[in-house]
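The chain contents come next:
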Amino acid sequence: MKKSKGLLIGIIAALVLLIGGGAAAAYFFLTNTPKNAYLLSEQESFKSVQDYVSTRFENETKFQEKMKDENYAVNLKLGADVPETLVSQLGVPKSVIDSSNLVLNMAHDSKKKMSNLSITPTIADNKLGEFAWQADEKNQYISAPVLNNVLSIPNNKIVETIDKITGSPTDDTMTNDSLNLNNILGNAQVSQEDINKIVDRYTETLIDKLKDDQFKKDTEKVKIFDEEKNLDKLTMTLQPKEVKETLIAVLEQAKSDKELKDLITQQAKGTDFDKEIDKALKEVKDQKETDFPKVVSTIYVDGKKILKRNLVLSKDKDEVKLDALTKIDDNVKVDIKASTDTEPNIFAIAGSSDKKDKSYKDDYKITVNDNGEKEIKFVNESKVDGDKRTDKGTVDLTKLVGQEALLNYTNDMVTDIGNNEQKQKMEISTEVDNEPIKLMIDAVTKLKQDVKVKTEGAKDLSTMSDSEIEDLQKEISEKAGKIFEDVSKDLE
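Anyway, here's the lowdown on the structure attached to this text.

Scoring rules and cut-offs
- Throughout, residues of each chain are indexed from 1 in the direction in which the sequence is written.
- With the structure being a predicted model, the display of local features is reserved for residues of pLDDT at least 70 and the display and counting of side-chain atom pairs for 80 or more, all residues being used for whole-chain, interface and lining totals.
- Excluded from the side-chain calculation are hydrogens and water; included are all heavy atoms of the structure.
- Strands are runs of DSSP state E lasting at least 2 residues, helices are runs of H or I lasting at least 4, and numbering of each runs from the N terminus.
- Relative accessibility thresholds used throughout: buried, under 20% of the residue-type maximum; exposed, over 50%; partly exposed, between the two (1.4 Å probe, protein chains only).
- In this analysis, two residues are considered to be in contact whenever any of their non-hydrogen atoms come within 4.5 Å of each other.
- Each accessible area value is a Shrake-Rupley result obtained with a 1.4 Å probe; residue values ignore everything except the protein chains displayed when judging cover.
- Residues scored as charged are limited to Lys and Arg (positive) and Asp and Glu (negative), so that His and the chain ends carry no count.
- Charge positions come from single atoms, namely NZ of Lys, CZ of Arg, CG of Asp or CD of Glu.
- Take the number of residues in a helix, subtract one, and multiply by 1.5 Å to get its expected span.
- Throughout, the arc means that of the directions going from the helix axis to the C-beta atoms.
- In this scheme, patches are assembled from residues that exceed 30% relative accessible area and form no salt bridge. Like charges are connected within 9 Å, while nonpolar side chains (Val, Leu, Ile, Met, Phe, Trp, Tyr) are connected within 5 Å.
- We define a salt bridge as a side-chain nitrogen of Lys or Arg found within 4 Å of a carboxyl oxygen belonging to Asp or Glu.
- Helix axes are fitted to C-alpha atoms over the stretch in contact, other axes to C-alpha atoms as well, and angles between N-to-C directions run from 0 to 180 degrees.
- Note on terminology: angles under 35 degrees are roughly parallel, angles over 145 are roughly antiparallel, angles of 65 to 115 are roughly perpendicular, and the others are oblique.
- Crossings are sorted by hand: turned counterclockwise from the far helix by less than a right angle, the near helix makes the crossing left-handed, and turned clockwise it makes it right-handed.
- Note on residue classes: Ala, Val, Leu, Ile, Met, Phe, Trp, Tyr, Cys and Pro are nonpolar, Asp, Glu, Lys and Arg are charged, and everything else, Gly too, is polar.
- Paired rings are identified among Phe, Tyr and Trp, the last through its six-membered ring, by centres lying within 6.5 Å, and are further divided according to the angle between planes into stacked (under 30 degrees), edge-to-face (over 60) and tilted (the rest).
- For a lysine, the NZ atom is tested; for an arginine, the CZ atom; a charge sits over a ring if that atom is within 6 Å of the ring centre and within 35 degrees of the ring normal.
- In this analysis, strands are considered paired if DSSP registers two or more bridges between them.
- Within 3.5 Å is the distance limit for a polar contact, defined as a pair of N or O atoms, with the added protein rule that one can donate a hydrogen and the other accept it, and that residues adjacent in sequence qualify only through two side-chain atoms.

For the rest of this paragraph, the subject is the overall build of the protein chain. Within the protein chain one finds 13 helices and 21 strands. Judged by the C-alpha coordinates and their principal axes, the protein chain covers about 75 × 55 × 50 Å. Each of the 492 residues in the protein chain was classed as buried or not, and the buried ones make up 37%. For the protein chain, the share of sequence-separated contacts (at least 6 apart) that also reach a separation of at least 24 residues comes to 51%. For the protein chain, the accessible area works out to roughly 27900 Å², and carbon and sulfur atoms hold 51% of it. Both charge centroids of the protein chain, one from 74 positive and one from 92 negative side chains, sit 4 Å from each other.

A word on helix α11 (residues 273-286). When the terminal C-alpha atoms of α11 are compared, their 20 Å separation across 14 residues agrees well with the 20 Å that a helix rising 1.5 Å per residue should span. Buried residues of α11: Phe273, Ile277, Leu281 and Val284, and no others. All buried residues of α11 project into a common sector of 65 degrees when viewed along the axis, lining one side. Opposite the buried face of α11, at more than 90 degrees from it, the exposed residues are Lys275, Lys279, Lys282 and Asp286.

A few words now on a negative patch on the surface. Taken together, Asp466, Glu468, Glu470 and Asp471 make up a surface patch of like negative charges. The residue Glu470 is located in helix α13 (residues 466-491) in this model.

Together, Leu102, Leu104, Ile119 and Phe131 line one region of the surface with nonpolar side chains, adding up to about 280 Å² of accessible area. Mapped onto the elements of the fold, Leu104 is located in strand β2 (residues 101-109).

What follows deals with the environment of Glu381. On the secondary structure map, Glu381 appears in strand β16 (residues 373-385). The class for Glu381 is partly exposed, based on a relative accessible area of 48%. Sequence-wise, Glu381 and Asp316 are 65 residues apart; in three dimensions their C-alpha atoms are separated by 46 Å. If near-sequence neighbours (up to four positions away) are discounted, Glu381 is found in contact with Tyr360, Lys361, Thr390, Asp391 and Lys392.

Another aspect to go through is the packing of helix α9 (residues 240-255) against α11. Between α9 and α11, the least distance of the axes is 10 Å, while the angle of their chain directions is 160 degrees. Comparing the axis directions of α9 and α11 gives the class roughly antiparallel. At the point where α9 passes α11, the crossing takes the left-handed sense. Of the residues in α11, those in contact with Lys244, Leu247, Ile248, Leu251, Glu252, Ala254 and Lys255 of α9 are Phe273, Asp274, Ile277, Asp278, Ala280, Leu281, Val284 and Lys285. Here the contact of α9 with α11 is built from residues that sort into nine nonpolar, no polar and six charged.

Moving on: the packing of aromatic side chains. For the structure on display, the rule yields two aromatic pairs. The interplanar angle of 85 degrees and the centroid separation of 6.3 Å between the aromatic rings of Tyr52 and Tyr360 together place this pair among those described as edge-to-face. Here the residue Tyr52 occupies a position in helix α2 (residues 34-56), and Tyr360 occupies one in strand β15 (residues 359-369), the gap between them amounting to 308 residues. Assigned by exposure class, Tyr52 and Tyr360 land together as buried. In this structure, Lys308 packs its charged tip against the face of Tyr300, placed 5.9 Å from the ring centre. A cation over an aromatic ring shows up here: Lys333 above the ring of Phe225, its NZ or CZ 4.7 Å from the ring centre.

As a further point, take α2. Compared with an ideal rise of 1.5 Å per residue, which puts 23 residues at 33 Å, α2 spans 33 Å between its outermost C-alpha atoms and is within 8% of the ideal. Along α2, the residues that are buried comprise Lys35, Asn36, Ala37, Tyr38, Leu39, Ser41, Glu42, Ser45, Ser48, Tyr52 and Arg56.

With that settled, consider the pairing of strand β8 (residues 215-224). Pairing of β8 with strand β9 (residues 227-238) involves ten bridges; the strand directions are antiparallel. Of the residues in β9, the one forming a bridge with Lys217 is Leu234. What sits between the antiparallel neighbours β8 and β9 is a turn of two residues, in which Phe225 has the positive phi angle 55 degrees.

For a regular strand, side chains alternate in direction, first toward one face of the sheet and then toward the other. Both strand β12 (residues 318-328) and strand β13 (residues 332-340) contribute to a ladder of nine bridges, which runs antiparallel. Residue Ile328 lies in a different strand from β13, and its bridge partner there is Val332. What sits between the antiparallel neighbours β12 and β13 is a turn of three residues. In this sheet, strand β14 (residues 347-356) lies alongside β13 in antiparallel orientation, the contact comprising seven bridges. Within β14, the position partnered with Val334 by the bridge is Gly351. Adjacent in sequence and paired antiparallel, β13 and β14 are bridged by six residues.

Let us now look at unusual backbone geometry. Notably, Asp316 is not glycine yet its phi reads approximately 55 degrees, a positive angle. Its identity as a non-glycine residue notwithstanding, Asn420 has a phi of 55 degrees, on the positive side. Mapped onto the elements, Asn420 comes out in the loop between β18 (406-416) and β19 (421-432). Under the relative-accessibility criterion, Asn420 is labelled buried at 11%.

The subject of this paragraph is the side chain of Asn182. Within the element layout of this structure, Asn182 appears in helix α7 (residues 181-186). Of note is the side chain of Asn182, whose polar atom sits 2.7 Å from the side chain of Ser115. When residues no more than four places from it in sequence are discounted, the contact partners of Asn182 are His108, Lys113, Met114, Ser115, Ala135, Asp136 and Glu137.

All right, on to the pattern of salt bridges then. Following the criterion strictly, the structure yields 29 salt bridges and no others. Across the pair Lys94 and Asp98 runs a salt bridge, and its minimum N-O distance is 3.1 Å. Of this pair, Lys94 and Asp98 both sit in helix α5 (residues 94-98), separated by four residues, roughly a single helical turn. For Lys94, a relative accessible area of 21% corresponds to the partly exposed category. A salt bridge links Glu259 to Arg201, with the nearest nitrogen and oxygen atoms 3.5 Å apart.

So yeah, pure geometry; function would need other evidence.
If you want it as structure tokens, here you go:
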């Protein structure tokens, strides 16, 4: 398939899987028609996933919900433990590694439009200083130990200034809005409630377009994992013409959807929403009906729970298939496979999450066929005790990289919702030449934090002359050289 047509099929698949996920109850009637049974089952399936996540990660979910409305500050410290036998091969004392670390600070205040992103490296107990990118409602600010002064760039001249310094035009996808740190860090602040409202609205549009005769109901004996079951078989069939009509209906609704526009422009600053929607709508309308695939979505239902799913998107001789077995309650078990007519197994994920009291055991395998089969295995044991969650597991990348590669980890997270704080300690270890290497992460996230931006004595980079920029580059080169000399002495 051509790339554009493949993208369309991907969009259509997403729309099909979305149907019923957030649909309002008003769209389901008392009569037990195949359409209503299908949509109710999709809704129940969507809800079961939400319930599982919110139950298993209850504290973390509540903290994230609270975080979207609050100022936040994140402090993360990264260190390493490398055996002396390996360090000596590099000609560096082990004490240098032990006394080196990297500190990342990130903070954002959406109301005052203030942001801070900084990195502070320490090498052999020698702090190199803070390299910071900050922003307020007027400017972006850069400060670093290689600069004598803070540099500023007006928010409406970011691209223009970068082009001036580099001497070449910036990529078209980069805009002043997309390069504004306030927008980058603010993207995490989108309300889940707002997203759900938009999902509900477009689900209703999709349901309105669906007709009773596009659905049918049968019963069939199906093997669900190791168990034979008699299940309701509900099938939705959309012809290429109906797929095109549905896409047009969704895009035409989007043209006048202010809430969707606000959400998209908030998440992808610099995107011309109206232009992109018009472009997509014209492309869909201009394409022939034969350019769209036929969609056949079949679900096998026990009550209202979907245990098996087959989705087929076909056009001419091209075909994309998704086959899935799923069981979601207190425990999870999945076996999902995707394929095309030319690639029988392009992607697969299989495994389970088993609960016992407040403990979980995860065991999954992901397989991807990309010029050969590649595999990732993941096992994890998780335990919750009050506001503390402890995870311990292994990520096996051996069949992905072609040699033994095991990443073992432990992760302790304490989520104190009442005190607006989340603490995390994580250790990742692996072996090189049978010697253990460890990476340590120590992080703290706090809400309701003041965000400060260094603006004093800032020099506007956008108004600098060519000679001033040359002087600045010389200044950076000299200071960087001095830092390198100091670090080199510490490494001796």
